[in-house]
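Notes for the structure review
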Amino acid sequence: MPYGLEDGDMGTIVSISWSMYNGYFPHLDFVYIKPPFSPYFHSWPFYISETYGYLINRTMYYLQIFLYSLWAIKILCREFNIERRDTVYFLALLGALISIHDYPPMPWNTVDGVFFTILGAWFLLKPKHKWFHIALGAFFVSLAVLCKQSFFFVPVLLVVYFLLKKDFRQSIYFILYGLFFAMLYVGIIYINGAFDAMWEQLFSFTTSSSFKRTGFLSYIDSLRLYPWIVLGYLAIVFTVRYFANKNTVFAVVLAGPAICFLYIYLTEENYGLLKQVLIQAMWMLATGFTFLKSLQNKQYRMLLLFLGFGWCASISNGFNTPVDFSAPILFAFFVFSYSETYTLKKSVGLASIAVFLALFYLGYQTPYLDSPRKELTYNMGEVFPQLKGIKSDAETFNKYKELKHLASKYDNFTILPSVTLGHYLTNTKNPIGVDWVFNHHLADQIPEYINKLEDKDVTVFLENFENHANNYEETSTLTMYVKENWQLVATYDYFRIYQKQR
């Protein structure tokens, strides 16, 4: 958890949470292209400690994934009559290890969406549920829906599941409670005068074409890119399943993704693409097997439902993969290997955990968008107390030292385009309300943000971004406008200072 600090993703949600903590209202005071519950949720640590709020949020990443992996596996094991506690905790632990892979510990909408989805499912899928279980379940599912647009499909999947079970009473109550919570939320937004802005912003970047591309076509591409690997893997697995014992089958099934992860981490070749393809292929194999089994055995419908939750988590214009919720994929592999007799050999379980722990350690030698771990020796808490215990490289350390100096020298500033933790660390209020100023995150409302900068007479700290690997000239028009039209008043190693032409 302490290693790595990049300027963008690792502070995106925290920066919005900080704005909300300082009184900004989403959609109205600043553009936000997702439902706003995730940043609201991650603002609560600031009420405990402004200094340690960021560290608490990084800790929560692991806590959330391990908790919802455990909850999901417990629900599935109950449905499949798997009573051995060691098997339950083994599957939960392994599912969580695959989910965290080498992704950085940071607040994220998708993780929050899965967390509240599974928390809702915990109440909704109780064998002997009461009316308040349905109410609580609908409440938590509503929170999941308010984390990200892709989780709009979660209540639909649940209703379909209840109807297949012919539990019409639960379907009706779930729909009614869900409508109540939806109207309550819309009422709050409407009373604050943000309804029109919310509607426009939520669907500015989330279009039907992006849903089709990320929810379906990307999965087809995954098969198209590496068909022989998938077919070879299937041939080996089914051959072993025919001739070998069940523990050997499970070991061989897990060997496939383990070898792929090892290859990815050692070569870093097409790193993001390969990882996306790998997990999508695993999901498709698990879903195909589960669907066929569900035609014969109703128990598999619940597993299919949970794989559906994983699909919801994968619909994203950024990190387009169901890896954040790997537990149902792993569970499908487990029931495929062991059929109706669940006799996991302890040595197989321990070896599997050891392998994926080792893979996690290997993958995390190069943290997300950061330097190799051996170079992360600088304690960022020496610059800002909010980063106590977090280590980064020399360049990041010096950059943030410069930011601290500039924040003490200038009032009423903002940072463009992407030092997302800047205002939280300097304990300042962002005059334009948003720290992530790429065009699509501003819903292309560039003229409005130009007016904000000029009307509030904001000083801009502009990153030296021209030689950045992700050059921002095409994706942050606001940044380019300042660079080309404002007056350059000072130049430093990592930032240039711009002010409006007098």
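These notes cover the structure that comes with them. Nothing here was measured: the structure is a model prediction, and the numbers come from that model. For every chain, the first residue of its written sequence is number 1, and the numbers climb from 1 along that sequence. Predicted model: local features are reported for residues with pLDDT of at least 70 only, side-chain atom pairs are reported and counted for 80 or more only, and whole-chain, interface and lining totals are derived from all residues. As a convention, hydrogens and water are excluded, and side-chain values are obtained from all of the structure's heavy atoms.

1. What to know about the overall build of the chain
Across its full length, the chain holds 21 helices and six strands. To get the radius of gyration, use the C-alpha atoms; to get the globule rule, take the number of residues to the power 0.38 and multiply by 2.2 Å. What you see for the chain is a C-alpha radius of gyration of 24 Å, in line with the 23 Å of a compact globule of 502 residues. Projecting the C-alpha coordinates of the chain onto the three principal axes gives extents of approximately 80 × 50 × 40 Å. Burial statistics for the chain: of 502 residues in total, 56% are counted as buried. Note on definitions: a residue-residue contact is assigned when non-hydrogen atoms from the two residues lie within 4.5 Å. For the chain, restricting intrachain contacts to residue pairs at least 6 apart in sequence, the fraction spanning at least 24 positions comes to 71%. Within this scheme the basic residues Lys and Arg register as positive and the acidic residues Asp and Glu register as negative, but His and the chain ends are omitted. Charged side chains are reduced to one point each, which is NZ for Lys, CZ for Arg, CG for Asp and CD for Glu. A gap of 14 Å separates the mean positions of the 39 positive and 37 negative side-chain charges of the chain. Only DSSP runs of H or I with at least four residues qualify as helices, and only runs of E with at least two residues qualify as strands; both kinds are numbered from the N terminus onward. With a 1.4 Å probe rolled over the protein chains alone, any residue whose accessible area is under 20% of its type maximum counts as buried; one over 50% counts as exposed, and the rest are partly exposed.

2. Notes on the pairing of strand S4 (residues 459–463)
Among the five residues of S4, five are classified as buried, and the element is accordingly described as predominantly covered. Burial along S4 is two-sided: Thr459, Phe461 and Glu463 facing one way and Val460 and Leu462 facing the other are all buried. What makes two strands pair is DSSP finding at least two bridges between them. One ladder, built from four bridges, connects strand S3 (residues 413–416) with S4; its direction is parallel. Across the sheet, Leu416 pairs through a bridge with Leu462, a residue of S4. Strand direction decides the pairing type here: S4 and strand S6 (residues 495–499), joined by four bridges, are antiparallel. Of the residues in S6, the one forming a bridge with Val460 is Tyr498.

3. Focus on the pattern of salt bridges
Think of a salt bridge as a Lys or Arg side-chain nitrogen and an Asp or Glu carboxyl oxygen that are within 4 Å of each other. If you walk through the whole model with that rule in mind, you get four salt bridges. With a shortest N-O distance of 2.5 Å, Asp7 and Lys399 are connected by a salt bridge. Here Asp7, found in the segment before helix H1 (9–21), pairs with Lys399, found in helix H18 (residues 394–409); they are 392 residues apart in sequence, far enough to count as distant. By the burial criterion, Asp7 is buried, and Lys399 matches it. Two residues, Arg224 and Asp221, come together in a salt bridge whose shortest N-O distance is 3.4 Å.

4. Here we look at the state of the cysteines
The disulfide criterion used throughout: a pair of cysteine sulfur atoms within 2.5 Å. Counted under the stated rule, the structure contains zero disulfides. With no disulfide of its own, Cys147 lies 13 Å from the sulfur of Cys312, the closest cysteine sulfur. Among the residues examined, Cys312 registers a relative accessible area of 0% and is labelled buried.

5. Some remarks on the packing of aromatic side chains
Under the pairing criterion, centres of Phe, Tyr and Trp rings, with the six-membered ring standing for Trp, must be within 6.5 Å; the plane angle then separates stacked pairs below 30 degrees from edge-to-face pairs above 60, leaving the rest tilted. If you walk through the whole model with that rule in mind, you get 52 aromatic pairs. Considering the side-chain rings of Phe80 and Phe331, the 5.1 Å spacing of their centres and the 65° angle between planes classify their relative orientation as edge-to-face. Linking Phe80 in the loop between helix H4 (53–79) and helix H5 (85–100) with Phe331 in helix H16 (residues 327–338), this pair joins segments that are 251 residues apart in sequence. Note on Phe80: relative accessible area 2%, which makes it buried. With centroids separated by 5.3 Å and ring planes inclined at 65°, the aromatic side chains of Phe139 and Phe140 adopt a geometry described as edge-to-face. Under the relative-accessibility criterion, Phe140 is labelled buried at 15%. Pairwise contacts between aromatic rings join Phe37, Phe41, Trp71, Phe115, Phe116, Phe123, Phe139, Phe140, Phe180 and Phe181 into one cluster. Sitting over the face of the ring of Phe384, Lys404 holds its NZ or CZ atom 5.9 Å from the ring centroid. A ring is scored as having a charge over it whenever the NZ atom of a lysine or the CZ atom of an arginine sits within 6 Å of its centre and within 35 degrees of its normal. When the ring centre of Tyr24 is taken as origin, the NZ or CZ atom of Lys429, which lies over that ring, is 4.9 Å away.

6. Remarks on the packing of H4 against H5
The axes are straight lines fitted to the C-alpha atoms, using for helices just the contacting stretch, and the angles between their N-to-C directions are given from 0 to 180°. Running from N to C, H4 and H5 point in directions that differ by 140°, and their axes come no closer than 8 Å. Taken together, the axis directions place H4 and H5 in an arrangement best described as oblique. Where H4 crosses over H5, the two elements pack in a sense that is right-handed. Residues Tyr61, Tyr62, Ile65, Phe66, Ser69, Leu70, Ile73, Lys74 and Cys77 of H4 form the contact with H5, whose participating residues are Val88, Tyr89, Leu91, Ala92, Leu93, Gly95, Ala96, Leu97, Ser99 and Ile100. Classes in brief: Ala, Val, Leu, Ile, Met, Phe, Trp, Tyr, Cys and Pro nonpolar; Asp, Glu, Lys and Arg charged; the others, Gly included, polar. Here the contact of H4 with H5 is built from residues that sort into 15 nonpolar, three polar and one charged. What sets the label is the angle itself: under 35 degrees gives roughly parallel, over 145 gives roughly antiparallel, 65 to 115 gives roughly perpendicular, and the rest give oblique. A clockwise turn of the near helix away from the far one marks a right-handed crossing, whereas an anticlockwise turn of less than a right angle marks a left-handed crossing.

7. What to know about the side chain of His129
Here His129 is to be found in the loop between helix H6 (109–124) and helix H7 (131–145). Assessed through its relative accessible area of 18%, His129 is described here as buried. Two N or O atoms count as a polar contact when they lie within 3.5 Å, although within protein this holds only if one can serve as hydrogen donor and the other as acceptor, and sequence-adjacent residues are included solely when both atoms are side-chain atoms. Engagement of the side chain of His129 in a polar contact is seen with the backbone oxygen of Lys126, the distance being 3.2 Å. At a separation of 3.5 Å, a polar atom in the side chain of His129 contacts the side chain of Gln170. Setting aside residues no more than four positions away along its own chain, His129 makes contact with Phe123, Leu124, Ile134, Asp167 and Gln170.

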